[in-house]
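# Commentary on secondary and tertiary structure
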Amino acid sequence: MESTRTRPRGFALPIAVFALGIIGVLVTGGFFLARQETRVGVAARQSSTAFYLAELGVSNTLDAWDAPTYSGIATGDSIMRSDTVAVGTADVTVTRLSDWLFFVDSESTVTRG
C-alpha cells in the first residue's frame, strides 16, 4: 500500500527570497536617508552663507555711510546699493523714515554651489 501523502517541500527558497526583499528595502531606505541628509546639509550651508552675506551688505553700507548722500533722500524714498563677492551678491536698500531714522534692508543671493 502506497502512501498518498506527499513529501513536504523545502521552505529555504521562499525564506531566502523574502529575506533578500527585506534587505533590499533596508538598503534603499539607507540610501534615501543619506541623500536627504546631504540635501539638508547643503541647504543649511547655503542658508548660513546667505545670512552672512546679507550681514556683510549691511556692514559695508554702514561702513561707507555718506551723510550728505543719505541726508539728501526725501522721507519715504530709498537708495539701493549692491555688493558682489565671490560667493554671491548683497542688495541693500536704505529707506529714510524720518529726519534721523533710516531703515536698512539687506537681501542676498548665493551664487556659489
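It should be noted that the structure appears before, not after, this text.
Residues numbered from 1 in each chain as written. Predicted model: local features only at pLDDT ≥ 70, side-chain atom pairs only at ≥ 80, totals over all residues. Heavy atoms only, no water.

## Some details on the overall build of the protein
In plain terms, the rule: The secondary structure listing takes helices from DSSP runs of H or I that are at least 4 residues long and strands from runs of E that are at least 2 residues long, numbered from the N terminus. Restricting the calculation to C-alpha atoms gives the radius of gyration, and the globule rule supplies 2.2 Å times the number of residues raised to the power 0.38. Note on classification: 1.4 Å probe, protein chains only; a residue is buried when its accessible area is under 20% of the maximum for its type, exposed when over 50%, partly exposed between these limits. Any pair of residues with heavy atoms lying within 4.5 Å of one another is described as a contacting pair.
Broken down by element type, the protein carries 2 helices and 3 strands. Taken from N to C terminus, the helices and strands of the protein fall in the order α-α-β-β-β. For the protein, whose C-alpha radius of gyration is 32 Å, the value lies well above the compact-globule estimate of 13 Å for 113 residues. With the C-alpha coordinates aligned to their principal axes, the bounding extent of the protein is approximately 115 × 25 × 15 Å. Counting all 113 residues of the protein, 15% fall into the buried class. Partitioning the intrachain contacts of the protein with sequence separation of at least 6 by distance along the chain shows that 38% fall at a separation of at least 24.

## Thoughts on the side chain of Thr95
For clarity, the threshold we go by: Residues adjacent in sequence count toward polar contacts only when both atoms are side-chain atoms; beyond that, a polar contact is any pair of N or O atoms within 3.5 Å, and within protein one must be able to donate a hydrogen and the other to accept it.
For Thr95, the position within the fold is in strand β2 (residues 88-96). Within the structure, Thr95 has its side chain in polar contact with the side chain of Ser78 (distance 2.8 Å).

## Concerning the packing of aromatic side chains
Where we set the bar: For Phe, Tyr and Trp, where Trp contributes only its six-membered ring, two rings pair if their centres lie within 6.5 Å, and the inter-plane angle classes them as stacked under 30 degrees, edge-to-face over 60, or tilted in between.
Throughout the structure, instances matching the rule amount to 3 aromatic pairs. With centroids separated by 4.1 Å and ring planes inclined at 25°, the aromatic side chains of Trp65 and Tyr70 adopt a geometry described as stacked. The partly exposed category is assigned to Trp65, whose relative accessible area is 30%. For the ring pair Trp65 and Phe102, a centre distance of 5.2 Å and an interplane angle of 80° mean the geometry is edge-to-face. Placement of Trp65 in the loop between α1 (12-63) and α2 (67-71) and of Phe102 in strand β3 (residues 102-110) is noted, with a sequence separation of 37 residues between them.

## Remarks on the sheet that holds strand β1 (residues 78-85)
Note the threshold: Note on pairing: DSSP must find at least two bridges between two strands before they are called paired. Each axis is a line fitted through C-alpha atoms, taken for helices only over the stretch in contact, and angles between the N-to-C directions span 0 to 180 degrees.
As summarised here, the arrangement of the 3 strands in space is β1-β2-β3, forming an open sheet in which the pairing is antiparallel. Both edges of this open sheet fall to β1 and β3, since each of them pairs with a single strand only. Here the strands of the sheet are splayed against their neighbours by 15° on average, with no regard to which way each runs. Pairing of β1 with β2, which is carried by 8 bridges, proceeds in the antiparallel orientation. Its bridge partner being in β2, Ser78 is matched across the sheet by Thr95.

## Some words on the environment of Pro68
Note that Pro68 resides in helix α2. Through-space distance from the C-alpha of Pro68 to that of Gly57 is 20 Å; in sequence the pair is 11 residues apart.

## Quick word on the pattern of salt bridges
What counts, and what does not: Criterion for a salt bridge: a side-chain nitrogen of Lys or Arg within 4 Å of a carboxyl oxygen of Asp or Glu.
Within this structure, the stated rule accounts for 1 salt bridge. Close ionic contact of Asp83 with Arg81 constitutes a salt bridge, the shortest N to O distance being 3.2 Å. For Arg81, a relative accessible area of 24% puts it in the partly exposed group.

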